[in-house]
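Examination of the molecular architecture
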Amino acid sequence: MTSQLRILGLETSCDETAAAVVTRLPDGTAVTDADVVLSQLDEHSAYGGVVPEIAARAHVEALDTLIEEALTRAGITLADVDAIAATSGPGLIGGLLVGLMTGKAMARASGKPLYAINHLEGHALTARLTDGVVFPYLMLLVSGGHTQLVLVKGVGDYERWGTTIDDALGEAFDKTAKLLGLPYPGGPAVERAAATGNAKRFAFPRPLVGEARLDFSFSGLKTAVRQAAEGIAPVSDQDIADICASFQRAISRTLMDRIGRGLQRFHETYPDAVEPALVVAGGVAANQEVRRTLDELCAQHRFRFVAPPHHLCTDNAVMIAWAGLERMALGMAPDDLNVAPRSRWPLDAGAQALLAYGKRGAKA
Ligand code: KG4
Ligand code: ZN
């Protein structure tokens, strides 16, 4: 049994600046001592997406204050933490530099070890903090920059089973919203509009449905939405609602097929797994129809469905601190202070890069 460990986590890979203090107790459970997140949404919304240069500057301006606030809320000083964990990829290089350099400077000044964390690992391990999920399990990451189905076998041991070959799911929501004149970020706006729409009005494509591979594709869906909207222009509020509802229906059906196959493959791979679990992460996990779909699928396939609270599904520093704690508790070596940020950093080093994978590349 390891002793109690406490880590200060930093997250700056995209458009959230975040700092957190998390303690791992000897029994492996965790206590969040502080969780501070500053969203840059307002700074980017006028541009309809994240502007890397604006993001990097905003991180520089906010991070020191956020760290102070996190330490104060936790009631500690830097001397009281056992290590510092900072996201070092994947993401926007400017933001990564800000967080990682800050982490390095604090580590050097305090003599504490530094863990350079893969942001995707943070998402992947969150469900162990919130729900004590045991290895192996499946993680579906659906955010603005990623759509991946990952087999989580252990800390640092991941197999990517599926990824998008073009747009990320959140990106498909954002682009659909944009072309319908709905505000950014598009996901919540599309979901709101869909609530009063007729999901059967438009038969949108369900890309890759029926294929054995577990990848995703959403750019054709976006094109179909554009064609539908152009075909009935000018669109009324009801048309928009119907398009959004039909779009969500297509996504739900696509996930049913893709993830359903993933769950089957998991059973084939681990026929003796005691408690198979599907863990969801990323901003799209907030979508009620997506959640309902995954919940139903899990019930059908005898999986436990784990959706951490929304603020831990989206970008945060608790997950970065926790990934550091998992590593430290296992005795994994901290990183050298020469470690460099990596804008691309797949969780599964063996996974083949797919065409256009990570095109937008920055967000996770
Ligand atoms: O994980 P996240 O907060 O940020 C990163 O991508 O890093 O995810 C943001 C994405 C955006 O594309 C946003 O439109 C989408 O999550 N999203 C949603 C909903 N809320 C946020 N998509 C569908 N339905 C929602 N309710
Ligand atoms: Zn993320």
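Residues numbered from 1 in each chain as written. Chains lettered and ligands numbered in written order. Predicted model: local features only at pLDDT ≥ 70, side-chain atom pairs only at ≥ 80, totals over all residues. Heavy atoms only, no water.

This part takes up the environment of G187. Examined against the element boundaries, G187 turns out to sit in helix α6 (residues 186-194). In sequence terms G187 and Q264 are 77 residues apart; their C-alpha atoms lie 29 Å from each other. Discounting chain neighbours no more than four positions away, the residues touching G187 are F173 and D174. (Helix = DSSP H or I, 4+ residues; strand = E, 2+ residues; numbered from the N terminus. Contact = heavy atoms within 4.5 Å.)

Our next topic: the pairing of strand β9 (residues 277-281). When you tally the buried positions in β9, you get five out of five residues, the bulk of the element. Every second residue of β9 is oriented toward a common face, with A277, V279 and A281 on one face and L278 and V280 on the other, all of them buried. The pairing of strand β6 (residues 137-142) with β9 spans four bridges and is classified as parallel. Counted as the bridge partner of L140 is V280 from β9. Looking at chain direction, β9 and strand β10 (residues 304-306) are connected through three bridges and run parallel. Directly across from V279, in β10, lies its bridge partner V306. A crossover connection joins β9 to the parallel β10 through helix α9 (residues 288-300); in handedness this β-α-β unit is right-handed. (Buried < 20%, exposed > 50% of the residue type's maximum accessible area, 1.4 Å probe, protein only. Pairing = 2+ DSSP bridges. Right-handed = clockwise from strand over helix to strand, strands pointing away.)

Turning our eyes to something else, we now look at the environment of G282. Its location among the elements puts G282 in the loop between β9 and α9. The spacing of G282 and L169 is 113 residues in sequence and 10.0 Å in space, taken between C-alpha atoms. Not counting residues within four places of it along the chain, the set of residues in contact with G282 comprises H123, L141, V142, S143 and C313.

Another aspect to go through is a nonpolar patch on the surface. A contiguous nonpolar patch, built from I93, L97 and M101 and spanning about 240 Å² of accessible area, is present on the exposed surface. Counting through the fold element by element, L97 comes out in helix α3 (residues 93-110). On the accessibility criterion, L97 (36% relative accessible area) is partly exposed. (Patch = residues over 30% accessible without salt bridge, like charges linked within 9 Å, V, L, I, M, F, W, Y side chains within 5 Å. Areas by Shrake-Rupley, 256 points an atom, 1.4 Å probe, with all protein chains shown as cover. Salt bridge = Lys/Arg side-chain N within 4 Å of Asp/Glu carboxyl O.)

Another point: the domain arrangement of the protein. By a frequent convention, interface size equals the accessible area lost on bringing the separate parts together. Taken domain by domain, the protein comprises domain 1 (5-127 + 311-363) and domain 2 (134-308). Taken residue by residue, the interface counts 33 residues in domain 1 and 36 residues in domain 2. Joining domain 1 to domain 2, the criterion identifies zero salt bridges. Put simply, the parts of the chain that give the side of domain 1 that touches domain 2 at least two residues each are α1 (41-45), α4 (119-131), α10 (310-313) and α11 (318-329). (Domains from an automatic or database assignment.)

This next bit is on the side chain of T163. Residue placement: T163 occurs in strand β8 (residues 157-163). In terms of polar contacts, T163 uses its side chain to reach the backbone carbonyl oxygen of T147, at 3.4 Å. (Polar contact = N/O pair within 3.5 Å; in protein donor to acceptor, adjacent residues only side chain to side chain.)

Time to look at the sheet that holds strand β3 (residues 30-39). Taken in spatial order, the five strands line up as β3-β2-β1-β4-β5 in an open sheet, and their pairing is mixed. Of all strands in the sheet, those bounded by a partner on one side alone are β3 and β5 (114-118). Ignoring which end each strand starts from, the neighbouring axes of this sheet average 20° apart. Across four bridges, the pairing between strand β1 (residues 5-11) and strand β4 (residues 83-89) is parallel. (Axes fitted to C-alpha atoms, helices over the stretch in contact; angles between N-to-C directions.)

With that out of the way, let us pick up α9. Compared with an ideal rise of 1.5 Å per residue, which puts 13 residues at 18 Å, α9 spans 18 Å between its outermost C-alpha atoms and is within 8% of the ideal. Taken together, the buried positions of α9 are occupied by E289, V290, T293, L294, L297 and C298. Those residues of α9 that are buried are in contact with β6, α6, α8 (237-269), β9 and β10. The residue sitting at the N-terminus of α9 and contributing the capping side-chain oxygen is N287; that oxygen lies 2.9 Å from the backbone nitrogen of E289. (Expected span 1.5 Å × (residues − 1).)

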